[in-house]
Amino acid sequence: MVHAFKQPASAPETTDLSAREQEVLDFLAKGYLYKEIAEQLNISYGTVHTYIERIFKKLHVRSRAQAVAKYLGA
């Protein structure tokens, strides 16, 4: 049991994200704005915002920079 406490908690995997969430995160990593992502994926700005909220929740982050850093493995 003590051994379990010594191991670092594993970071959430980006594999927990849906295919569309991964696609949105990829655009974020490339520096696209939410509006540009919406245009590229032919979805509304609000839908992009919803995907971003889900990504942040699943990755346990609070910012775009933190999400991209986790995505890139930093």
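The following refers to the structure shown. (Residues numbered from 1 in each chain as written. Predicted model: local features only at pLDDT ≥ 70, side-chain atom pairs only at ≥ 80, totals over all residues. Heavy atoms only, no water.)

### A look at helix H4 (residues 45–59)
For H4, which comprises 15 residues, the first-to-last C-alpha distance of 21 Å matches the rise-based estimate of 21 Å (1.5 Å per residue) to within 8%. Of all the residues in H4, the buried ones are Val48, Tyr51, Ile52, Ile55, Phe56 and Leu59. End-on, the buried residues of H4 take up no more than an arc of 140°, which puts them together on one face. Of the surrounding elements, those touching the buried residues of H4 are helix H2 (19–29), helix H3 (34–41) and helix H5 (64–71). After H4 finishes, the residue His60 shows a positive phi value of roughly 60°. (Helix = DSSP H or I, 4+ residues; strand = E, 2+ residues; numbered from the N terminus. Expected span 1.5 Å × (residues − 1). Buried < 20%, exposed > 50% of the residue type's maximum accessible area, 1.4 Å probe, protein only. Arc of directions from axis to C-beta. Contact = heavy atoms within 4.5 Å.)

### Some thoughts on the packing of aromatic side chains
Here the structure, examined in full by the defined rule, presents two aromatic pairs. Relative to Tyr32, the ring of Phe27 has its centre 4.8 Å away and its plane inclined at 75°; by these criteria the two rings are edge-to-face. Taken together, a centroid distance of 6.1 Å and an interplanar angle of 40° make the contact between Tyr34 and Tyr45 tilted. One end of the pair, Tyr34, is in helix H3; the other, Tyr45, is in helix H4, and 11 residues separate them in sequence. Using a relative accessible area of 18% as the deciding quantity, one classes Tyr34 as buried. Residue Tyr45 is classed as partly exposed on the basis of its relative accessible area of 48%. Of note, Lys30 hangs over the ring of Phe27, and the distance from its end group to the ring centre comes to 5.8 Å. (Phe/Tyr/Trp six-rings, centres within 6.5 Å; stacked < 30°, edge-to-face > 60°. Lys NZ or Arg CZ within 6 Å of the ring centre and 35° of its normal.)

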